[in-house]
Amino acid sequence: MKRLKNLAAIGLASALTLTTAAALAGCANKNNEPDKEEVEITQPEQPMPEQPEQPEIPEVVPPIQPEQPEPEIPVEPEPEEPIPTVNTASYIMLTADSVNIRSGAGTGYAVKGAAEKSTMYALGGTSGSWYQTSYKNATAYLSTKYCEVVEMEASENELIEAVIAEGTKLLGTPYVYGAARYHNGNGALASNFSINAFDCSSLMQYIFYKGAGVNLQVTSRTQSLQGETVSKANLQRGDLMFFTNASRYNYSGIERIGHVALYLGDNWILHTASDYAKIEQISSTRWSYFIKAQRMI
């Protein structure tokens, strides 16, 4: 046992000696070599790897939104001016002469008189083939075969239309020179008045009093001094027209006046002269006798 321990110690010493010798030999060899220049080793530049091209990303353009139309502001329609209504008066004009005026709508009714061509009567209605009208202050009828309807612009003044209506009731009433007046010129009624006879001034006095309560004087000459004077160019429906006549043509002043008529418009007058009350056109001869016009309403 003791011998084995000694062998181990000898082996360990030998190993240490060899190790030390080797180390010294290495140091001596290193110190005996000449110094070498230090060489800088430059590493070659490594090329940068090419970056793969990035695909172009298309620019995203937002879709164009269609313009929203501005909301239409409703336009208030301008109020239309009302079309003025024109009142009309309707008449029947005879297209033939000596047409029977009957008491009823048929040939079996009594004949009350005869209507002359181109005169007019107020249209009151229609019954079959007959026109209703007024004649001598009573209802009468004319055959549609011998008449045509005429429309005329009516006055806006109801009093004027009332005066005319009173006159149309009396169409056909006989003319009598100097016929009794309805009143004395101031509204006092006459006791001897008869609705069956008129001259020109008594007819005007009667219809103005009955239709509008207007008091006219007793003759055409004194009536011509009443109301407002209007020119021939400004004649209106309801005006009174004053004329001379053959017997008074050469007189002076109001003495020249010998006739009065009610103007209806469109050259028509309602009057009575020498035969009976009628509606007719103003003839050229009568126009030559015209003197003045007066507006009573």
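Refer to the structure above for everything that follows.
This section reports on the structure supplied with the text. A quick note: this is a predicted structure, and the numbers were derived from the prediction, not measured.

### Some points on the overall build of the protein
(1) Moving on: Looking only at helices and strands, the protein has 5 helices and 14 strands in total.
(2) Moving on: A separation threshold of at least 6 residues defines the contact pool for the protein, and within that pool the share at least 24 residues apart is 60%.
(3) Moving on: As presented, the protein carries roughly 19,800 Å² of accessible surface, and 53% of it is formed by carbon and sulfur atoms.

### Quick notes on helix α3 (residues 200-212)
Helical geometry: 3.6 residues make up each α-helical turn, so side chains three or four residues apart lie on a common side.
(1) Moving on: Taking 1.5 Å as the rise per residue, α3 with 13 residues should run 18 Å; its terminal C-alpha atoms sit 18 Å apart, in good agreement.
(2) Moving on: Of all the 13 residues making up α3, 11 are buried; the element is thus mostly covered by neighbouring parts of the structure.
(3) Moving on: Taken residue by residue, α3 has Cys200, Ser201, Ser202, Leu203, Met204, Gln205, Tyr206, Ile207, Phe208, Gly211 and Ala212 as its buried positions.
(4) Moving on: At its buried positions, α3 is contacted by α2 (158-169), α4 (220-223), β10 (240-243), β11 (259-265), β12 (268-272) and β13 (277-281).
(5) Moving on: Where α3 ends, the next residue or the one after it, Gly213, has phi of about 70 degrees, a positive value.

### Considering the packing of aromatic side chains
(1) Moving on: Counted according to the given criterion, the structure contains 10 aromatic pairs.
(2) Moving on: With 5.0 Å between their ring centres and 80 degrees between their planes, Tyr182 and Phe193 make a pair best called edge-to-face. Remark: Phe193 occurs in the loop between α2 and α3 and Tyr182 occurs in the loop between α2 and α3; sequence separation between them is 11 residues.
(3) Moving on: Note on Phe193 and Tyr206: the rings are 5.4 Å apart at their centroids and 10 degrees apart in plane angle, and the pair reads as stacked. Of this pair, Phe193 sits in the loop between α2 and α3 while Tyr206 sits in helix α3, and the two are 13 residues apart along the sequence.
(4) Moving on: Clustering of aromatic rings is evident, with ring pairs tying together Tyr182, Phe193, Phe198, Tyr206 and Tyr209.
(5) Moving on: The ring of Trp287 carries Lys232 above its face, with NZ or CZ at 4.4 Å from the centroid.

### Remarks on the pattern of salt bridges
Any two side chains of opposite charge can pair, so long as their charged atoms come close to each other.
(1) Moving on: Scanning the model with the defined rule gives 7 salt bridges in all.
(2) Moving on: Here Asp239 ties to Arg295 by a salt bridge, and the two come within 2.8 Å at their closest N and O atoms. Taken together, the positions of Asp239 in the loop between β9 (228-230) and β10 and Arg295 in strand β14 (residues 290-295) put the pair 56 residues apart, joining distant regions of the chain.
(3) Moving on: The class for Arg295 is buried, based on a relative accessible area of 17%.
(4) Moving on: Put simply, Arg248 and Glu255 hold a salt bridge, and the shortest N to O gap is 3.4 Å.
(5) Moving on: We classify Arg248 as buried; its relative accessible area is 18%.
(6) Moving on: Bridged by salt links that share partners, the residues Glu116, Asp275 and Lys278 form one connected network.

Definitions and limits used
Residues numbered from 1 in each chain as written. Predicted model: local features only at pLDDT ≥ 70, side-chain atom pairs only at ≥ 80, totals over all residues. Heavy atoms only, no water. Helix = DSSP H or I, 4+ residues; strand = E, 2+ residues; numbered from the N terminus. Contact = heavy atoms within 4.5 Å. Areas by Shrake-Rupley, 256 points an atom, 1.4 Å probe, with all protein chains shown as cover. Expected span 1.5 Å × (residues − 1). Buried < 20%, exposed > 50% of the residue type's maximum accessible area, 1.4 Å probe, protein only. Phe/Tyr/Trp six-rings, centres within 6.5 Å; stacked < 30°, edge-to-face > 60°. Lys NZ or Arg CZ within 6 Å of the ring centre and 35° of its normal. Salt bridge = Lys/Arg side-chain N within 4 Å of Asp/Glu carboxyl O.

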